[in-house]
Amino acid sequence: THFVELRTYEQLLLSLVDFNPTLDKAIREYRGTELERLYVEQELVFESELKPGQEVKTYLLDEALEKWLNTPSSTFLAILGDFGAGKTSLCKRLSCQMALKVKENPGQSRLPVTIALKEAGSTTVTLENILSDHFQRLSSQTISSHALLHLNREGYLLLIFDGFDDMIGYTDVGRFLENLR
């Protein structure tokens, strides 16, 4: 009767941005598609474990990603591979899986935000610009880039950047390295 609404700090933070369009897109781009039907789990090797003359140990990609995601100190992971190795397919699959987790249990999983860097354009590449552009393409609602950056700093987002190799096409090597940083 007094229109008082109680929210936790986390609920308040997550209400700053409507993530439904990006979650729906992640699910739509993978679930029920031919990619989902034909997806084959990859194996990976950790560069740090490669030793001359020693047998290479392989890991199932899903298990390695799950372990990385559940390690609180894990903040950066680079998946490298040749053209056609399945990096984009992996990004779509991971984004869909994370989006489904978020929808099932809000606040229990990091919010996946998959950015196709080939869509970032040739303008100055900053995290703020990339996130703003991504959300503006998905919704007509005004999104606060400061809120997105804050949510990212607080560990609520899982930023998935796909296509670092596409950035090379529109910039010189020095600019590419700066964008990567």
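Look up: the structure comes first, before these words.
Residues numbered from 1 in each chain as written. Predicted model: local features only at pLDDT ≥ 70, side-chain atom pairs only at ≥ 80, totals over all residues. Heavy atoms only, no water.

**Brief notes about the side chain of T22**
- When you line up the elements, T22 lands in helix 2 (residues 20-28).
- Of the residues examined, T22 reaches a relative accessible area of 4% and is grouped as buried.
- The contact partners of T22, leaving out residues within four places of it in the chain, are P112, V113, H134, F135 and L138. (Helix = DSSP H or I, 4+ residues; strand = E, 2+ residues; numbered from the N terminus. Buried < 20%, exposed > 50% of the residue type's maximum accessible area, 1.4 Å probe, protein only. Contact = heavy atoms within 4.5 Å.)

**Describing the nonpolar core**
- In this structure, V17, F19 and V113 are the most contacted members of the largest nonpolar core, which totals 38 residues.
- Those elements that provide at least two residues to this core are helix 2, helix 4 (61-69), helix 5 (87-104), strand 3 (111-116), helix 6 (127-138), helix 7 (145-153) and strand 4 (157-162).
- Ranked by residues supplied to this core, first place goes to helix 5 with seven residues.
- Look past the residues within four positions of F19 in its chain and what remains in contact with it is L14, L111, V113, F135, L148, L151 and L157. (Core = buried A, V, L, I, M, F, W, Y, C linked by side-chain atoms within 4.5 Å.)

**Quick look at the pairing of strand 4**
- Burial within strand 4 is extensive, with five of its six residues counted as buried.
- Note that strand 3 and strand 4 share six bridges and pair parallel. Directly across from A116, in strand 4, lies its bridge partner D162. (Pairing = 2+ DSSP bridges.)

**A closer look at the packing of aromatic side chains**
- Using the criterion set out here, one finds three aromatic pairs in the structure.
- Consider the rings of F19 and F135, whose centres lie 5.7 Å apart with planes at 80 degrees: the pair is edge-to-face. Here the residue F19 occupies a position in the loop between helix 1 (9-14) and helix 2, and F135 occupies one in helix 6, the gap between them amounting to 116 residues. Each member of the pair, F19 together with F135, is buried.
- Note on Y30 and Y39: the rings are 6.3 Å apart at their centroids and 80 degrees apart in plane angle, and the pair reads as edge-to-face. (Phe/Tyr/Trp six-rings, centres within 6.5 Å; stacked < 30°, edge-to-face > 60°.)

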